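Coordinates in review
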2 protein chains.
Amino acid sequence: MTKNKFNAGLVQFSVSENPAENEKKAVEFVKEAASKGADVICLPELYRSRYFCQKEDIDYYDLAEPLNGRSAEIFTKLAGDIKKHIIVPIFEKRGPGIYHNSLLFIDNNGKVAGVYRKMHIPDDPAYYEKFYFTPGDLGFKAFESEFGKIGTLICWDQWFPEGARLTSLQGAVILFYPTAIGWHPFEKEEHGAQQRDAWITVQRGHAIANGIYVAAANRTGFEKPVKENDGIQFWGSSFIADPQGQIIAQASVDSEEVLVAEINLDRLEYIRRNWPFLRDRRVEDYLNITKKFID
Amino acid sequence: MTKNKFNAGLVQFSVSENPAENEKKAVEFVKEAASKGADVICLPELYRSRYFCQKEDIDYYDLAEPLNGRSAEIFTKLAGDIKKHIIVPIFEKRGPGIYHNSLLFIDNNGKVAGVYRKMHIPDDPAYYEKFYFTPGDLGFKAFESEFGKIGTLICWDQWFPEGARLTSLQGAVILFYPTAIGWHPFEKEEHGAQQRDAWITVQRGHAIANGIYVAAANRTGFEKPVKENDGIQFWGSSFIADPQGQIIAQASVDSEEVLVAEINLDRLEYIRRNWPFLRDRRVEDYLNITKKFID
């Protein structure tokens, strides 16, 4: 039977150049989230390394790990010990020449209960992800849990209403978005506030349109791994929004934090009854969504 | 050749029980918008009558008009005189027993250049639209103009990312949403602020996700046409958002206003180049959008 309340936990931290340090920090923050009552805990995207996609460099493939690699080892053990669900984003080495930006959904028995591979891959100055990551081929995912279905997406997916909708339509009660997004220092003063606001707003929009909780875990800190660019100031601001798009918890821009908020399935049901959008979709007229452009 | 700038105009007013009065008021406000420089001017949903959907009553069908009825007559003449585009929402009588919640897209030569019929029809306490309106069968629409393609949707469509996407994918540069939405007095104090905020946020989300201008024209005023319920306090708040979701013009909750803002296609292009979401859609994995639920 599904429980009607649980706590979502988000971990926001800054990442060093040393993967072993990052692993250790992630474990400590997950434990802290658990001690604060979190039942499903999400780490930021690619938590184990600096955001290497600022440069196209084949040596960075050394950072990748298989689905049953180091992150799976550490966090299945931890999840089994503390009896919590943990969402662990990894740089996945799937096979020779095939890498993904993925996450493990680890259940509270310490088993890898599911995998999601980032579907929408960006390629923008200092976010050269199309160089590293093959777009996901597992489709959109919502994983069974004792609290209902848990939807997972990753970062750039945030900007696509289709991803939120296709995950919600599987019966998800919450969408987790592990993230690595920040400002280019050269444009922060002019455009920074609007960029961060757009990032929050579009995800609040997904919460409203789908009547679903949304939880985004971002990294914080400044990273400048290469001389060639100005680096990225990751903007933190991890947050949890309720099914009406109201923000019920939010982290700061620049400190490491654990965020815990109650996910109330009675409230979700109440909102969905009062705002019955899923009832009225005109699916017979949506086929053109499967086109790149209607011309 | 498409001009790279134009002005959008929104008319927000309160509606009386007398259609002739409402017509007259609408004409005056359209003229005012034109005098303030608006090139494409949008009236609120069902501008010609009180929001009769608060009650299911067959006598209200008397308010309906054909596509070439009274509203077309008045506003094609006006559009030709002032040389402006006008979006005129009507209660359409299409044939015996077939009524729609529609709009006329009238061009600046005074011709009805297109028709849109509301695709998503609500049915909620005091918004009994499913009683009156057959869901639209023309699909989603963007109409050619000298300023680029103008997308139109109506009210409840606002909550559906599919409508915004399918209109944007036709190359629209702006989405107009004539609207009639407000508060139930009995719940305004507890839920009113969040409801209005959700309405604005979900539409700003469409602007961001599609890199498009969004303009919503709502009515204002209190209407209590029947004893059986508390009436609706229409919340005004008409607004125009830019392609990054920033609000560039907004009306008050309770006064009649004309809102005019610049639609800058260079800015739209700039935002779409910097936030290239349309490039990265995974259309091969979107087919399930055409399902009511994925189970």
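This text gives an overview of the structure that appears in the document. Since the model is a prediction, treat every value here as computed from it, not as a measurement.

Attention now moves to the relation of the copies chain B and chain A. When chain B is fitted onto chain A, the two copies agree to an RMSD of 0.0 Å after a turn of 180° and an axial shift of 0.0 Å. Expressed as a symmetry operation, the mapping of one chain copy onto the other fits a two-fold axis. In terms of proximity to the rotation axis, the leading residue of chain B is B:Gly205, whose C-alpha is 2.6 Å off the axis. Both copies present the same face, since 100% of the interface residues in chain B are matched by interface residues at the equivalent positions in chain A.

Below, the discussion takes up the packing of aromatic side chains. All names here are of chain A. Here the structure, examined in full by the defined rule, presents 58 aromatic pairs over all chains. Put simply, the rings of Phe52, Tyr60, Tyr61, Phe91, Tyr99, Phe131, Tyr132 and Phe133 touch in pairs and so form one group of aromatic residues. The cationic tip of Arg219 hangs over the ring face of Phe234; the distance from NZ or CZ to the ring centre is 5.4 Å.

Attention shifts here to the sheet that holds strand β11 (residues 220-223) of chain B. Residue and element names in this part refer to chain B. Taken in spatial order, the three strands line up as β9-β12-β11 in an open sheet, and their pairing is antiparallel. With partners counted over all chains shown, the strands left at the sheet margins are β9 (182-183) and β11, one partner each. In the sheet, β11 pairs with strand β12 (residues 232-235) via four bridges, with the strands oriented antiparallel. Opposite Phe222, over in β12, you have Gln233 as the bridge partner.

Attention shifts here to the pattern of salt bridges. If you walk through the whole model with that rule in mind, you get 46 salt bridges over all chains. Residues A:Asp39 and A:Lys84 are paired through a salt bridge, measuring 3.8 Å at the closest nitrogen-oxygen approach. Of this pair, A:Asp39 sits in the loop between α1 (19-35) and β2 (40-42) while A:Lys84 sits in the loop between α2 (70-82) and β3 (85-95); the two residues are 45 residues apart in sequence, bridging distant segments of the chain. Per residue, the accessibility class of A:Asp39 equals that of A:Lys84, and both read buried. Here B:Arg48 makes a salt bridge to B:Glu23, at a shortest N to O gap of 2.7 Å. Placement of the pair is B:Arg48 in the loop between β2 (40-42) and α2 (70-82) and B:Glu23 in helix α1 (residues 19-35), with a sequence separation of 25 residues. Linked through salt bridges whose partners overlap, the residues forming this network are A:Glu92, A:Arg94, A:Arg117 and A:Asp137.

What counts, and at which threshold
- Residues numbered from 1 in each chain as written.
- Chains lettered and ligands numbered in written order.
- Predicted model: local features only at pLDDT ≥ 70, side-chain atom pairs only at ≥ 80, totals over all residues.
- Heavy atoms only, no water.
- Least-squares fit on C-alpha atoms with pLDDT ≥ 70 in both.
- Contact = heavy atoms within 4.5 Å.
- Phe/Tyr/Trp six-rings, centres within 6.5 Å; stacked < 30°, edge-to-face > 60°.
- Lys NZ or Arg CZ within 6 Å of the ring centre and 35° of its normal.
- Pairing = 2+ DSSP bridges.
- Helix = DSSP H or I, 4+ residues; strand = E, 2+ residues; numbered from the N terminus.
- Salt bridge = Lys/Arg side-chain N within 4 Å of Asp/Glu carboxyl O.
- Buried < 20%, exposed > 50% of the residue type's maximum accessible area, 1.4 Å probe, protein only.

Don't take any of this as a statement about function, it's just geometry.
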